[in-house]
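Now for the letters of each chain:
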Amino acid sequence: METTIPTTGSLRAKIKSLLATTAELRKELSSNNNNGNTASASASTSASALGVRLDSALRLAERCATARQSLPSLREGFDDLDVVGTDLWNLAANLARDRDVQHLLPHSGPDGVSNRTRNLHVRLLAFYMIECSQQVATANYRNIARLLKVALKAARQCVDEGELHWANSVLERAASHRERFKKIAKDNGPDAEAQLASQSCGFYTIKMLLHWKQGNHPLANNTFARVTEDGMAEALSQPHVAEYMAKALFEIGNELFKQKSYPLAIQWLQRAFNVLDKVEILYLSEHGSELRLSATHNLARACIKSGIQENFKKAKNIVDIISNEWPHRLTTLLLRLDLAQAEAPEDVEAYCQIVRQMIDVAQLTEQTFKAIMGRIHVLVSKKAVRLACGCMDTLINKRLVLLENDEWLAQAFITRLWATVQDKTSREGDSVEDLKSLLDKLTKQLSKPLGQTATHAARILLWKVSETFYLQEKYDLSSIWCRVALHKVFDRSGELNLAKIARRVIMCAIQMKEYGIAGEIFNDMSEAAKNAPLTRLLMFKVALRTSDEDLAINCLEIIAQHPDSDHRLLYTCALDAQEIGNRRIALRSLQYILGLAENSSEVAAKVPVILRSTIRLTMTEIENTRDARSHVENLCSLYERALKYAKKSRKRPHAAGGTRIFDTTELEWFSINGYNLGLRGVVEWTPAITLRIFTACLGFTELFPSDIGAAKYAEITHRKLCLHYLCANMCINIARLDETIEGQLQHYVFTRGHVEGFRKVYTDWEGRSEEESKDMRGKFDKLLPFDFEGATKLKLWDELDQLVDEAILLDAQNSFALEYIADIVMCATTPQTTALNVLHRIVEHKITVQYNDMQKLATWIRWLIQFSLSRDASIVETLLTQAIELAKCADPDNRYSEAELEWLIATTWNKSIDFSCVSDTVGAKRFVELALSLAALLKSDVKLKELQGKLLDAPS
């Protein structure tokens, strides 16, 4: 491809366009610098357009500069380029300076291009415009030197910013300018030659950096070698040249050190050190001195990191050099630490000695404090906890306390504590005593307790150590560490934390059976902490183990009445008391839990379990107590309370799914166990107590759902009948023994209620077997007289006939209901008419069914005749006739009583005399005949003749 040779006209046209574009760019760049960057959309668009125009102008300037060198005959018309280029160069310098102050250089502009990169492009544009303004071929010494200097600055910035393409381009031009400079330097005296050497050194420095960044390490090495080959050693003796070269060498070595290429890093850092070492230290700038220290420091570090023994010796020499120049500098001490660790990793004493020296001589700043703390962590990692803690104690007592820097003091103290607790072997030795000694010193030296942050962190660490020992059942050590946490230096820890730690000490004392210590800790607590439920729980345990029932009861009361009380604490008390064997306190605990059920749904949900536990415990107490009256009363109350909760449970579900607190299983337990207890109470306890238990059990049977199945329903029904029967028996017994009229009547009402309950269930009940049915009929047969007796006591005369009818219907073999009813009628203050009617019906029924107890029947007949004599003679005559028939038909084994017959004969005889007295001959004759018939039934002939004689002498 042929190269187009530019013409004078086209070049001048390009330069004119370049000047116009540059003027606009300079105006816009100055405006942006004054207004600052903005993140708006319009600013982004403007910045993007600026970047495009700047790149376009830069490439145009490059072409113009190239074309200018191919037209050597042109010498005029380029002055404006020099003026504008110089102005742009200065603008770029100002932009960089301003943006450095504003911390904007590292950031991207609105178009995504970094400000540093845009500033570089402005500087490159300025360079090409300045170069284009000069006729290089005929330029003088000063212009060539200026061009070379500008080119090197632009190239170095290109390398620093990673614009390697532009760096290559500029260095090519710088190389040509350098060659021209060499040709004319000799003719311009020693100053020109010195300047050439200095600029050449800068040229090779930039070229070396460029090769290294391009990844061509051999060429970078060769470029460095060219410095000495080209006779620039004298130039390197100049401080600013040496610093320039050393900075580049250090950059390469430092980057290799970061990449862990330690042999190469040593090579390049050694070069940087050698370059600076040839200059007297006094002549180095402040930056040069720091660069020399950094290069030396990194060289020593690279030697240490390499792990090679020969390099260790080299590092030791370097460290010695640094120590002579900067003996108390932190970096020097850090190097000595790194070297000591590399040479003898196991020699922690030597390492610790250097750390102590750092603590003694280093000026404490944020950086030095962090460095010291980091090296102390290294000691901890080496298991030298004792030494680490000693260093920390020195740092705290000698340095930090005097500074009164709360943040550093807190961090150091927490690290000290952390180091102690990290090492398991130090926890059980003298470490606690050392820690206490440190805390005592802090208390004396500090004007106030440790800050909240330090206190909180310390308490957490101490708590974890204590908890670890507690779980390991090393209660003495756990208690010791908790007592450390209670030190006065931690007074800012807060009431709740203090109470928590004190409770841990009490727990340890309980486990170690040192109850006196527990009491001391408790007495030292604040009132609020003392009355906390958890504290009282622990003191409850202490009270049980010291047989202090008053304290135990007091603790229970406070736990139960506390607003934040938890029923689980009371349940724990109950379990602990039961485990100790104090059933009385266990019962008291469970009773307090039941007291919370009204206001706590969580407790209410567990009421069945609590009640069952309480009932079992109460029964155990009854078994082991001579005077069990109060416990029996409590037992009745428990069943009544259980029934109350069960009724509430059946009214509303406990959970959204419909689960009830008292389900069928719970009802079954309370019903069966209560029934068995009641049967025991029949023998051992009073009827009133037994009645209460039976009544509660009866209530449970009423709560069973209807869908429990036929077999279970039959079982529950049978139990319900038995309970009604037993309750009726208890009620009638209490009514008969009660000394008050009111009490008697009340229990007669209860009796009739239970009989009625039995009657209702019995009416619809079908026995599961013939034997069971027979048993229930027998029970009902026994209950009817109770009902009849209650009705007579309550003077419910109208109901007696119905009861007699029911008894007659139920009457069967071995039934005694009618006999009891008859006895009741004869003994009660029943109206005579009612009594006669009832007894007459019973007699008629018994005569009809051939009653097998003739003696009982004869008594009833006598009673009826006796009460009917003055009322109705026809009834008496009928009864006498029935008596005669019964006596005639009686079995030999079931005869009519002779005494009864004699009474009937005498009564009939007397009645006949009564008729005679009133001139009722017919009546007298009938009764005489009846008397003769009765007399004929007597077995004794003597008696018969005697009676017949009297009757025959009777009036006709």
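All residue numbers refer to positions counted from 1 along the written sequence of the respective chain. Given that this is a predicted model, residues contribute local features only at a pLDDT of at least 70 and side-chain atom pairs are listed and counted only at 80 or more, while totals for whole chains, interfaces and linings are drawn from all residues. As a rule here, side-chain values come from all non-hydrogen atoms in the structure, and water together with hydrogens is ignored.

### Structural notes on the side chain of Arg536
Starting at the N terminus, helices and strands are each numbered in turn, a helix being any DSSP run of H or I of at least four residues and a strand any DSSP run of E of at least two. Locating Arg536 in the fold gives a position in helix 26 (residues 533-545). Here Arg536 occupies a buried position and makes no salt bridge, while the nearest side chain of opposite charge, Glu527, is found at 6.1 Å. A 3.5 Å cut-off defines polar contacts: any pair of N or O atoms within that distance qualifies, except that in protein one atom must be a possible hydrogen donor and the other a possible acceptor, and neighbouring residues in sequence count only when both atoms are side-chain atoms. A polar side-chain atom of Arg536 sits 3.1 Å from a polar atom in the side chain of Asn531. In contact with Arg536, not counting residues within four places along its chain, are Phe522, Lys530, Asn531, Leu551, Asn554, Cys555, Ile558 and Ile559. The cut-offs for exposure are 20% and 50% of the maximum accessible area for each residue type, with area from a 1.4 Å probe on protein chains only; residues under the lower value are buried, those over the upper are exposed, and the others partly exposed. We score Asp and Glu as negative and Lys and Arg as positive, and we do not count His or the chain ends. For this analysis, a salt bridge means a side-chain nitrogen from Lys or Arg found within 4 Å of a carboxyl oxygen belonging to Asp or Glu. When checking whether two residues touch, look at their non-hydrogen atoms; a contact exists if any pair is within 4.5 Å.

### Structural notes on the pattern of salt bridges
Tallied over the full model, the rule gives 32 salt bridges. A salt bridge links Lys712 to Glu668, with the shortest nitrogen-to-oxygen separation between them at 3.3 Å. Of the two residues, Lys712 is situated in helix 35 (residues 710-737) and Glu668 in helix 33 (residues 664-684); the sequence distance between them amounts to 44 residues. Classification of Glu668 by relative accessible area gives buried; the value is 13%. Note that Asp787 is salt-bridged to Arg759, the shortest N-O span being 2.8 Å. Here Arg759 lies in helix 36 (residues 741-763) and Asp787 lies in helix 37 (residues 770-793), a separation of 28 residues in the sequence.

### With respect to the environment of Glu280
By the element assignment, Glu280 lies in the loop between helix 11 (262-277) and helix 12 (286-306). Here the alpha-carbon distance between Glu280 and Gln238, two residues 42 residues apart in the chain, equals 9.7 Å.

### With respect to the packing of helix 6 (residues 164-185) against helix 7 (residues 189-213)
Running from amino to carboxyl end, helix 6 crosses helix 7 at an angle of 155°, the nearest separation of the two axes being 10 Å. Relative to helix 7, the element helix 6 lies roughly antiparallel. Crossing of helix 6 against helix 7: the hand is left-handed. Lines fitted to the C-alpha atoms define the axes, with helices restricted to the stretch that makes contact. Angles between their N-to-C directions range from 0 to 180 degrees. With respect to orientation, any angle under 35 degrees is reported as roughly parallel, any angle over 145 as roughly antiparallel, any angle of 65 to 115 as roughly perpendicular, and every other angle as oblique. Crossing handedness is defined as follows: a turn of the near helix away from the far one that is anticlockwise and smaller than a right angle gives a left-handed crossing, while the clockwise case is right-handed.

### Details of the packing of helix 14 (residues 330-343) against helix 16 (residues 366-381)
One can describe the packing of helix 14 onto helix 16 by two numbers: an axis separation of 11 Å at closest approach and a directional angle of 15°. In this view, helix 14 runs roughly parallel relative to helix 16, as classed from their interaxial angle. The handedness of the crossing between helix 14 and helix 16 comes out as left-handed. Contacts between helix 14 and helix 16 involve Leu330, Leu334, Leu337, Asp338 and Gln341 from the first element and Gln367, Thr368, Ala371, Arg375 and Val378 from the second. Three classes are used: nonpolar for Ala, Val, Leu, Ile, Met, Phe, Trp, Tyr, Cys and Pro, charged for Asp, Glu, Lys and Arg, and polar for all others, with Gly counted as polar. Looking at the contact of helix 14 with helix 16 residue by residue, the class counts come to 5 nonpolar, 3 polar and 2 charged.

### A few points about the nonpolar core
Residue types Ala, Val, Leu, Ile, Met, Phe, Trp, Tyr and Cys, when buried and joined through side-chain atoms within 4.5 Å, form a set referred to as a nonpolar core. Core analysis: the biggest nonpolar cluster contains 208 residues, and Phe413 and Tyr896 have the highest contact counts within it. Setting aside residues no more than four positions away along its own chain, Phe413 makes contact with Ile396, Leu438, Leu439, Leu442, Leu450, Ala458 and Phe490.

### Re the confidence of the model for the protein
Mean pLDDT over the protein works out to 80, with 87% of the residues at or above the 70 mark. For every residue, the pLDDT score states the predictor's confidence, bounded by 0 at the bottom and 100 at the top. Confidence drops under a pLDDT of 50 for residues 37-41, and excluding neighbours within four residues, the segment shows 4 contacts in the predicted structure. Contacts of residues 654-658 to residues separated by more than four positions or lying in other chains number 6 contacts, the stretch itself having pLDDT below 50.

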